[in-house]
Amino acid sequence: KKVEKGKSADEVVVGLKEGWPVEARKPVTRRLHATSVSWNCTGKSLAVCYGRTDMNGWCDMPGAVCVWRIFSKDFAPENPYLTFDHASCFCSLAFHPENPALLAAGSFDGQLMVWDISQDSPEEPVAMTPINEFCHSEPVFSLCWIWDAKEREFLLISAAADGRILTWSLSNKLRHPVRGAMLNNPAALSRTSERRVV
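Conventions we followed
- Residues numbered from 1 in each chain as written.
- Predicted model: local features only at pLDDT ≥ 70, side-chain atom pairs only at ≥ 80, totals over all residues.
- Heavy atoms only, no water.
- Salt bridge = Lys/Arg side-chain N within 4 Å of Asp/Glu carboxyl O.
- Helix = DSSP H or I, 4+ residues; strand = E, 2+ residues; numbered from the N terminus.
- pLDDT = per-residue confidence, 0-100.
- Contact = heavy atoms within 4.5 Å.
- Buried < 20%, exposed > 50% of the residue type's maximum accessible area, 1.4 Å probe, protein only.
- Pairing = 2+ DSSP bridges.
- Axes fitted to C-alpha atoms, helices over the stretch in contact; angles between N-to-C directions.
- Polar contact = N/O pair within 3.5 Å; in protein donor to acceptor, adjacent residues only side chain to side chain.
- Core = buried A, V, L, I, M, F, W, Y, C linked by side-chain atoms within 4.5 Å.

1. Some remarks on the pattern of salt bridges
Then step 1. Counted according to the given criterion, the structure contains 1 salt bridge.
Then step 2. The partner of Asp148 in a salt bridge is Arg179, and the shortest N-O contact between them spans 2.6 Å. With Asp148 in strand E9 (residues 140-148) and Arg179 in strand E12 (residues 179-182), this residue pair connects regions lying 31 residues apart in the sequence.

Have a look at this one:
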């Protein structure tokens, strides 16, 4: 058998048949951080989203949203009732204020997703934003549901690191924002205020 220095025995995966010279290092695992928490309006379900808080630039780490039914007989902290995953870290989430089954999450890549956890197969989102110039292009750090008296529905408000605050409607399945605003760069604002003081 070939011996290689610098590799411990548990770093090597040997081929399936004797004599095959197949070996590889085990994949490196990195623990995800809890990045946001939300209770549904009945207080019976708790959702936690996971990502990395130490990311710079582009995120190549997957993220997850886990939902626990706290008062169910089969509740176990290590075993969530539902788990949703995404190719990018999750940064924020918010349950709908009146519909306990609707859960929205924002990701590091700028996408928003809404799931209906009451469905038989809730793995697929009921609504998801596209990736284009009208949507977020940076991490979505804040989500909030707001009642719109004119539209007579709850709208989803998102704020992201790209400086945009966008308003979304479930009636168009988050295909495009219904309203939006661009905030000024906070660093530029602080430089402006320093100049005024002097």
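Back to the text.
2. A short note on the confidence of the model for the protein
Then step 1. Looking at the protein, pLDDT values average 82 and 75% of them are 70 or higher.
Then step 2. Within the model, the stretch residues 1-16 combines pLDDT values under 50 with 18 contacts to residues more than four positions away or in other chains.

3. Here's the deal with the pairing of strand E4 (residues 82-86)
Then step 1. Every second residue of E4 is oriented toward a common face, the buried set being Leu82, Phe84 and His86 and the non-buried set Thr83 and Asp85.
Then step 2. Across 5 bridges, the pairing between strand E3 (residues 63-69) and E4 is antiparallel. Across the sheet, the residue bridging to Cys66 is Thr83, located in E4.

4. Things to note about the sheet that holds E4
Picture the strands of a sheet paired through backbone hydrogen bonds; they go either parallel or antiparallel.
Then step 1. Read from one edge to the other, the open sheet built from 4 strands follows the order E1-E2-E3-E4, with strand pairing classed as antiparallel. For this open sheet the edge positions go to strand E1 (33-39) and E4, each flanked by a neighbour on one side alone. The sheet shows a mean angle of 15° between the axes of neighbouring strands, taken without regard to direction.
Then step 2. Sheet analysis places E1 next to strand E2 (residues 45-51), joined by 6 bridges and oriented antiparallel.

5. A closer look at the side chain of Arg52
Then step 1. One can find Arg52 in the loop between E2 and E3.
Then step 2. Within the local environment of Arg52, its side chain forms a polar contact with the backbone oxygen of Arg31, the two atoms lying 2.2 Å apart.

6. Some thoughts on the sheet that holds strand E6 (residues 102-107)
Then step 1. Taken together, the 4 strands give an open sheet; going across it, the order is E5-E6-E7-E8, and neighbouring strands pair in antiparallel fashion. Among the strands making up the open sheet, the edge pair consists of strand E5 (90-95) and strand E8 (127-128).

7. Considerations on the nonpolar core
Then step 1. Ranked by size, the top nonpolar core spans 16 residues in total, and within it Leu112, Val114, Leu143, Leu156 and Trp168 carry the most contacts.
Then step 2. Discounting chain neighbours no more than four positions away, the residues touching Val114 are Leu102, Leu103, Ala104, Pro125, Val126, Ala127, Leu156, Leu170 and Leu174.
Then step 3. The next biggest cluster of nonpolar side chains, apart from the first, holds 15 residues, and it includes Ala101, Leu103, Trp115 and Ile117.

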